[in-house]
Amino acid sequence: MSMASSTSIYRLEPSSIADAASVAALRHAAEVVRRGGLVAFPTETVYGLGANALDPAAVARIFTAKGRPANNPLIVHVDRIDRARQLAAHWPETAERLAAEFWPGPLTLVVPRAAIVPAIVTAGAATVALRIPAHPVARALLEAANRPIAAPSANRSNQVSPTTGEHVIRGLCAATDNLVDVLLDGGAASGGLESTVLDLSTDPPRLLRPGLVWPSEIERVIGPINCPEFAIADSAAALPSPGTQPRHYAPRAPMECHPSPNRSRLEDLTREGRRTGWLTLNSDTRDVPGGAVVVKMPRDPVAYAARLYAALHELDAAGVERILVDLPPPGEEWQAVRDRLRRGATITITNTSPKR
Ligand code: TXA
Ligand code: MG
């Protein structure tokens, strides 16, 4: 397929994807997928950059557009469970039970890979990551394309994932010289953090990435799973999943996480003349030093997750030079948020020990 000279952008209302304009947009996007092009589309977690998962040349374009290392495998999205089974060499009973409970939804299952899945998708691994997304636009695209769609988050590698079409335009489209053929802009992604990734090829199953489906919810369905402590690993070699490298999901400005609101740090940075953004859980934001950009974050973990990446994109757009974050408390409900904050941070100060 020839490269697009510019990205075709369609705005779709997720509640009315059956109207004529949406149907035409979806038909075009599906055609682009079938011909080996790239389509950015909303899911219920973050925006994805999709290509036909069974076409190695199309998948290679994803890696190029993102600047993604070839050793980081992609998630394959499907619209039905029977298609997921076709992409697996072995479909464990645990997968069947979890799919019945959580699909469509933000849970990715890693299972043994069937031979029809190209090696580039899985970075050569003997396993493949699969999920059925819940977003109506994502599901309509999968149905119209009639292909499994490999899709990482639609951002340049190591940058903050996009939760709006605008983020995709300002980030990926602007940086890639129009490698993105189509953007389906379906408004804000409601979940705001990437899916939970669970490896079912090990016994017991292992959590590779915390997300919007919590370990206790998974364990209720399949019994105990292995949840490594998501403290930042010091050695890349020790990482269970290549995409869970220590520094990831990072805003442009260096980010510091503090265990409690650190007003004096904010004052110091401001005094040094650094324009500083503050992601705070603290309701008292009076007397903040002039020039600081304050973003009050929700105290509810689900609402916080939905807001986090948009807040980081806003602070980047505001041109802050430093970001201070009040790290939310430990506990399962904050696990995914804390994981992303710590991976995005250049420094995390905990009560016990400073981390790189
Ligand atoms: O919510 C999401 O999962 C979004 C939307 C677009 O679906 N996608 C997403 O993709 O976050 P990406 O590429 O940014 O993250 C995929 C994660 C990475 O951590 C990758 O290493 C892991 O899944 N992964 C993919 N295939 C794997 C495999 N076979 N074994 C272990 N980990 C795998
Ligand atoms: Mg990503």
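As shown above, the structure is provided for reference.
These notes cover the structure that comes with them. (Residues numbered from 1 in each chain as written. Chains lettered and ligands numbered in written order. Predicted model: local features only at pLDDT ≥ 70, side-chain atom pairs only at ≥ 80, totals over all residues. Heavy atoms only, no water.)

## Some words on unusual backbone geometry
Put simply, the test is: Secondary structure elements follow DSSP: runs of H or I no shorter than four residues count as helices, runs of E no shorter than two count as strands, and numbering proceeds from the N terminus. Remark: exposure states derive from per-residue accessible area (1.4 Å probe, protein chains only) relative to the maximum for the residue type, with buried under 20%, exposed over 50%, and partly exposed in between.
A cis amide bond, omega -5 degrees, links Trp103 with the succeeding residue Pro104. Relative to the elements of secondary structure, Pro104 occurs in the loop between helix H4 (93-102) and strand S5 (107-112). Cis geometry marks the peptide bond from Asp203 to Pro204, where omega comes out at 0 degrees. The phi torsion at Asn146 lies on the positive side, around 55 degrees, for a residue other than glycine. Within the secondary structure, Asn146 is located in the loop between helix H5 (136-145) and strand S7 (149-150). The exposure class assigned to Asn146 is partly exposed, which follows from its relative accessible area of 41%. Although it is not a glycine, Asn158 sits at a positive phi angle of roughly 75 degrees.

## Here we look at the site of ligand 1
Quick reminder of the rule: It suffices for a single heavy atom of a residue to lie within 4 Å of a molecule or strand for the residue to be listed as near it. Under this definition, polar contacts are N or O atom pairs within 3.5 Å; protein pairs additionally need one hydrogen-donor-capable and one acceptor-capable atom, and for neighbouring residues in sequence, both atoms have to be side-chain atoms. Reported accessibility uses the Shrake-Rupley method at a 1.4 Å probe radius. Residues are deemed covered only where the shown protein chains occlude them.
The immediate surroundings of ligand 1 are formed by 23 residues, with Thr45, Arg68, Asn72, His77 and Ser195 found nearest. Interatomic distance of 2.9 Å between a side-chain N/O atom of Asn72 and an oxygen atom of ligand 1. Side-chain polar atom of Thr127 to a nitrogen atom of ligand 1: 3.1 Å apart, as the coordinates give it. Within the complex, 96% of the 680 Å² of free accessible area of ligand 1 lies under protein.

## Thoughts on the environment of Trp103
Which entries qualify depends on this criterion: Contact between two residues is taken to exist if any of their heavy atoms lie within 4.5 Å; hydrogens are not considered.
Note on placement: Trp103 falls in the loop between H4 and S5. In this structure the C-alpha to C-alpha distance between Trp103 and Leu315, which are 212 residues apart in sequence, comes to 34 Å. Here Trp103 is in contact with Ile81, Ala84, Trp91, Leu98, Leu109, Leu130, Arg131 and Ile132, once residues within four sequence places are set aside. Here the side chain of Trp103 touches Leu107 through a polar contact of 2.8 Å, landing on its backbone oxygen.

## Points about the layout of surface pockets
What counts, and what does not: Residues are called lining when one of their atoms sits within 4 Å of a cavity or pocket point, these points coming from a 1 Å grid over the protein atoms alone, where a cavity is a set in which a 1.4 Å probe fits but cannot get out and a pocket is an open set with protein on both sides within 12 Å along at least five of seven lines. Grid points are joined across faces, edges and corners, and a volume is the space filled by probe spheres set on the points. Nonpolar residues are Ala, Val, Leu, Ile, Met, Phe, Trp, Tyr, Cys and Pro. Charged residues are Asp, Glu, Lys and Arg, and all others, Gly as well, are polar.
If you add up the space inside the second largest pocket, you get close to 280 Å³. What lines the second largest pocket is a set of 16 residues, and nearest its centre among them are Gln159, Arg170, Gly171, His313 and Asp316. Secondary structure elements with two or more residues in the lining of the second largest pocket: helix H6 (165-175) and helix H9 (301-317). The greatest single-element share of the lining of the second largest pocket, amounting to four residues, is contributed by H6. Of the residues in the lining of the second largest pocket, the class split is seven nonpolar, five polar and four charged.

## Thoughts on the side chain of Thr108
Within the element layout of this structure, Thr108 appears in strand S5. Exposure remark for Thr108: the relative accessible area of 0% places this residue in the buried category. Once residues within four sequence positions are removed from consideration, Thr108 is found in contact with Ile75, Ala129, Leu130, Arg131, Ser195, Thr196, Val197 and Leu198.

Shape is all these values report; function is a separate question.
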